[in-house]
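Chain residues, written in single-letter form:
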Amino acid sequence: MKKKILFVCMGNICRSPAAEAIMRSKAEAAGLGDRYEFDSAGTYAGHSGDLPDPRMREAAGRRGYRLTHRARPVRDEDFSRFDMLVVMDERNYDALDRLAFTLDDKAKIYRMTDFSSRHDYDHVPDPYYEGREGFELVLDLLEDACDGLLAYTARKP
């Protein structure tokens, strides 16, 4: 049975599609790609249907990641469809916590930085209003956290 992980940020055009692509790449490189299903979504629907931010696509592309996901909002059924909903910051956490129907749904919500080992951040900052270095920092944080998330889920039944 596949482990299903949904990455969540605000608009689903920077952090969460990058996390989805990075995690997919890391799972495939580890020979575990067939054991997972990944997707991403946003707590804000204003970018629905859009490709990721061009600056994030460019930064991710320099690292070998292709971001082709089309933005979509979090849906009620995501709580039943996914095993884990991994958020980028506290605002996203609070939004999902309010949307959750049950305590079991709430237990599926995780913070991305909880899986980090090389960076001491309590959230993945939104690079939307930052320069190039903001996107690079986000990718650094996501690569670190995806390593930890892959290790965590690979050993969890």
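Given the structure is predicted, the values throughout are model-derived calculations rather than measurements.

**Observations concerning the overall build of the chain**
Scanning the chain from N- to C-terminus turns up six helices and four strands. Put simply, the chain runs from its N terminus to its C terminus through helices and strands in the order β-α-β-α-α-β-α-α-β-α. Here the C-alpha atoms of the chain give a radius of gyration of 14 Å, agreeing with the 15 Å that 2.2 N^0.38 yields for 157 residues. Based on the C-alpha atoms only, the size of the chain along its principal axes is roughly 40 × 35 × 30 Å. Here the chain holds 157 residues, and 48% of them are scored as buried. A sequence separation of at least 24 residues applies to 75% of the contacts in the chain between residues at least 6 apart. Taking the average place of the 25 positive charges on the side chains of the chain and the average place of its 29 negative ones, the gap between the two points comes to 4 Å.

**Points about the pairing of strand β3 (residues 84–87)**
Residues of β3 alternate between two faces, with Met 84 and Val 86 on one and Leu 85 and Val 87 on the opposite face, all of them buried. Bridge count for strand β1 (residues 3–9) against β3 is four bridges, and the pairing is parallel. When the sheet's bridge partners are listed, Phe 7 is paired in β3 with Val 86. Two elements, β3 and strand β4 (residues 109–111), share three bridges in a ladder whose sense is parallel. Paired with Val 86 across the strands is Tyr 110, a residue of β4.

**What about the nonpolar core?**
With 35 residues, the main nonpolar core has Ile 5, Phe 7, Met 112 and Leu 142 as its most contacted residues. Those elements giving two or more residues to this core turn out to be β1, α1 (15–29), β2 (36–42), α2 (54–62), β3 and α6 (132–155). No other element matches α6, which puts eight residues into this core. Not counting residues up to four positions away in its chain, the partners in contact with Ile 5 are Met 23, Tyr 36, Glu 37, Phe 38, Asp 39, Phe 82, Met 84, Val 86, Leu 149 and Thr 153. Formed by 12 residues, the second largest nonpolar core is a distinct cluster that contains Leu 6, Val 74, Phe 82 and Leu 96.

**With respect to the sheet that holds β1**
Pairing is parallel across the open sheet formed by four strands, whose spatial order is β2-β1-β3-β4. Strands at the two margins of the open sheet, each flanked by one partner only, are β2 and β4. Across the sheet, the mean angle from the axis of one strand to that of its neighbour is 25°, orientation sign disregarded. Across the face of the sheet, helix α4 (residues 90–99) comes into contact with β1, β3 and β4 while running at roughly 175° to β4.

**Quick notes on the pairing of β2**
Of all seven residues in β2, six are buried; the element is thus mostly enclosed. Note that β1 and β2 share seven bridges and pair parallel. Paired with Lys 4 across the two strands is Glu 37, which belongs to β2. This β-α-β element, β1 to α1 to β2, shows right-handed connectivity.

**Notes on the environment of Pro 17**
You can see Pro 17 is positioned in helix α1. Its relative accessible area of 2% is what places Pro 17 among the buried residues. Sequence separation between Pro 17 and Phe 79 is 62 residues; the distance between their C-alpha atoms is 18 Å. For Pro 17, the residues in contact, after removing those within four places along its chain, are Asn 12, Ser 40, Pro 52, Leu 67 and His 69.

The rules behind these values
Residues numbered from 1 in each chain as written. Predicted model: local features only at pLDDT ≥ 70, side-chain atom pairs only at ≥ 80, totals over all residues. Heavy atoms only, no water. Helix = DSSP H or I, 4+ residues; strand = E, 2+ residues; numbered from the N terminus. Rg over C-alpha atoms; globule rule 2.2 N^0.38 Å. Buried < 20%, exposed > 50% of the residue type's maximum accessible area, 1.4 Å probe, protein only. Contact = heavy atoms within 4.5 Å. Lys, Arg positive; Asp, Glu negative; His and termini not counted. Charge placed at Lys NZ, Arg CZ, Asp CG, Glu CD. Pairing = 2+ DSSP bridges. Core = buried A, V, L, I, M, F, W, Y, C linked by side-chain atoms within 4.5 Å. Axes fitted to C-alpha atoms, helices over the stretch in contact; angles between N-to-C directions. Right-handed = clockwise from strand over helix to strand, strands pointing away.

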